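Spelled out from the first residue to the last, the chains are:
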Amino acid sequence: MMMFLFLPLQGAIRIFMGIVVLTMKASVIEMFLIFLVTGIHSNKEITKKIKRPKITVPQINCDVKAGKIINPEFMAKCPAGCQDPKYHVYGTDVYASYSSVCGAAVHSGVLDNSGGKILVRKVAGQPGYKGSYSNGVQSLSLPRWRESFIVSEGKPKKGVTYPSALTYSSSKSPAAKAGKCSHLWSATTYTSSQNSSSANPGIQRQDSSGAAFQRPAAMDVSLDTSYACKSPKVLLLFPGFVPKEELSTQPLEPVSQGDPSCRVDLSFVIDGSSSIGKRRFRIQKQFLVDIAQALDIGPAGPLMGVVQYGDNPATQFNLKTHMNSRDVKAAIEKMTPRGGLSNVGRALSFVTKNFFSKASGNRGGAPNVAVVMVDGWPTDKVEEASRLARESGINIFFITIESAIEKEKQYVTEPNFANKAVCRTNGFYSLNVQSWFSLHKTLQPLVKRVCDSNRLACSKTCFNSADIGFVIDGSSSVGTSNFRTLLQFVANVSKEFEISDTDTRIGAVQYTYEQRLEFGFDQYSSKPDILNAIKRVGYWSGGTSTGAAINYALEQLFKKSKPNKRKLMVLITDGRSYDDVRIPAMAAHQKVITYAIGVAWAAQDELEVIATHPARDHSFFVDEFDNLYKSVPRIIQNICTEFNSQPRN
């Protein structure tokens, strides 16, 4: 009985044990599968990390210059606010390495003023860099620089590894400036003074032009980094090595020579009257600062000075005081309003007499431009002062801000004052601004206009815009002594003009029965040379064929006159012509303005035929050669009156 009970129990135990074993196997298999899946997943994550490494882009400040970074190609992250003009940029598209990296990125359009990532590549230095205004940044011109760079979008190229930390050529890296201690070798750059192939193989040159040296591989150099941080001026030098910046022959501060395409002498005549107030005066000053930045001031380009007016005008600084935009900006920021009335006419008289002088830096060959800024309207008259300024060759522009509304016009001293003042009334020289807060919108139009020398019409005056041909009687009746007096008259007239190959030019023909060209318009291009050439003219002697002389002068002298020049013929004779003068005179009137000067026995009826109409303004008579000099002022006055009477539209 017991036996029968034991057998079923034993079988049950065996069955139970079997179930336990099967359960354990299943658990082991399950755990194995879990580990297998987890491992595969981990491997995938590792693979992903290996395939997609995270790129660390170093941060730089707005004032970091490309030349301070040794790396030939690198990525960097610029902060916001690099559009500020204090971060100087030199060039367009290709920038001098003295430029702010981030400023160049904004100028080129790669970044806006909010900052971001950029890619920078160093290239060779250029023989010149052209300044331009782009994306709110005025870049400056530079004659040449040793190294350049190009900025592009911050997208890494495939297969290229970019440094996660930049190497600087100064012992003060950004980390050191921030007060952080870094290994001295990572922050200091050296340049070899020897290009020998036997250099230490442990030192790696970056290139042959200027090399950054890494720590020598075979040397054990221990540095007291705490001391290095306290004394950043301490440099460890190998024998035969010189710091890179000591080798440079370029000036540390490149000075822009200015934009040669805008070579003007510019005076801003600004409102400092009591009516303007401090707030609007500050807006006016900021406008001048922006103009100075946009113009790229320098000795080869535009020069700028400021006259401020109130009751009385005063020069704040003249054309030769500051030779770059930075110094002009600093001078403008120091200005304070004078107060008083808005005496614009008095200010224009002051500018004509004092500002555009050689002593104040006027360059002679550069157009003179005066930009007058008026808050509302002037309190004195401007017409006469402006006329004298125009006749002196000053191109007057008017910027009228918040001009008189209808009910205020009764208080305006001189209606239509701007048109009475400006160089021409065609709208080119006048800018009307509705509000001081809109003044900045006139910056680019104004800069474009003052730099357009071809349209600065008032640069041409009666003294600098003519080809003057003297037709001189050398007949026997004149005599040797009187001929020398006649030549002195020619010299006296010539001396009144500005003579150069681009200003007034002088030529001369002598005649008797025959004619000869003494010198043409293109032969002499300075006043001393012209005066010497007049002295060397020899007396010919013979008959008097004035009609033939006029034809000869038209063909041999005036045919070579420049198209844009006023053509003036000044004929001097002492007697009646042997030939007819009427037909030659009529031909001359179609091509030139003729002045006829008669002496002693000259026939006044012939002089009136020869002279341009009206004859009273173009013909002169003196009773003897010794009185010729007395007619010079009247002749010059009539030449200028005729020139200045041209329409101003």
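Let me begin by describing the structure that accompanies this report. (Residues numbered from 1 in each chain as written. Predicted model: local features only at pLDDT ≥ 70, side-chain atom pairs only at ≥ 80, totals over all residues. Heavy atoms only, no water.)

The next thing to look at is the packing of aromatic side chains. With the rule as written, the count across this model stands at 12 aromatic pairs. Where phenylalanine 483 meets tyrosine 539, the ring centres are 5.1 Å apart and the plane angle is 40°; that geometry is what we call tilted. With phenylalanine 483 in helix α13 (residues 480-495) and tyrosine 539 in the loop between α14 (527-535) and α15 (546-556), this pair connects stretches of sequence that are 56 residues apart. Among the residues examined, phenylalanine 483 registers a relative accessible area of 0% and is labelled buried. (Phe/Tyr/Trp six-rings, centres within 6.5 Å; stacked < 30°, edge-to-face > 60°. Helix = DSSP H or I, 4+ residues; strand = E, 2+ residues; numbered from the N terminus. Buried < 20%, exposed > 50% of the residue type's maximum accessible area, 1.4 Å probe, protein only.)

With 68 residues, the main nonpolar core has Phe268 and Met304 as its most contacted residues. Top contributing element to this core by residue count: helix α7 (residues 277-295), with eight residues. Residues within four places of methionine 304 in sequence aside, it is in contact with Leu266, Phe268, Leu288, Ile291, Ala292, Leu295, Ile297, Phe317, Asn318, Leu319, Val328 and Ile332. Counting residues in each nonpolar core, the second largest holds 40 residues, with Ile468, Val478, Val622 and Val632 among its members. (Core = buried A, V, L, I, M, F, W, Y, C linked by side-chain atoms within 4.5 Å. Contact = heavy atoms within 4.5 Å.)

Moving on: the state of the cysteines. Enumeration over the complete set of coordinates arrives at five disulfides. The disulfide bridge from cysteine 262 ends at cysteine 451, spanning 1.9 Å between sulfur atoms. Judged by the sign of its S-S torsion, about -70°, the bond between cysteine 262 and cysteine 451 is left-handed. Separated by 189 residues along the polypeptide, cysteine 262 in the loop between α6 (244-247) and β10 (265-271) and cysteine 451 in the loop between α12 (443-450) and β16 (466-473) bring together distant segments of the chain. Across the pair, exposure class does not vary: cysteine 262 and cysteine 451 are buried alike. Here cysteine 462 engages in a disulfide with cysteine 640; their sulfurs sit 1.9 Å apart. Taking the sign of the S-S torsion, 75° for the link of cysteine 462 and cysteine 640, the bridge is right-handed. Within this pair, whereas cysteine 462 is found in the loop between α12 and β16, its partner cysteine 640 is found in helix α19 (residues 632-644), the two being separated by 178 residues in sequence. The exposure classification of cysteine 462 matches that of cysteine 640, with both residues buried. (Disulfide = S-S within 2.5 Å.)

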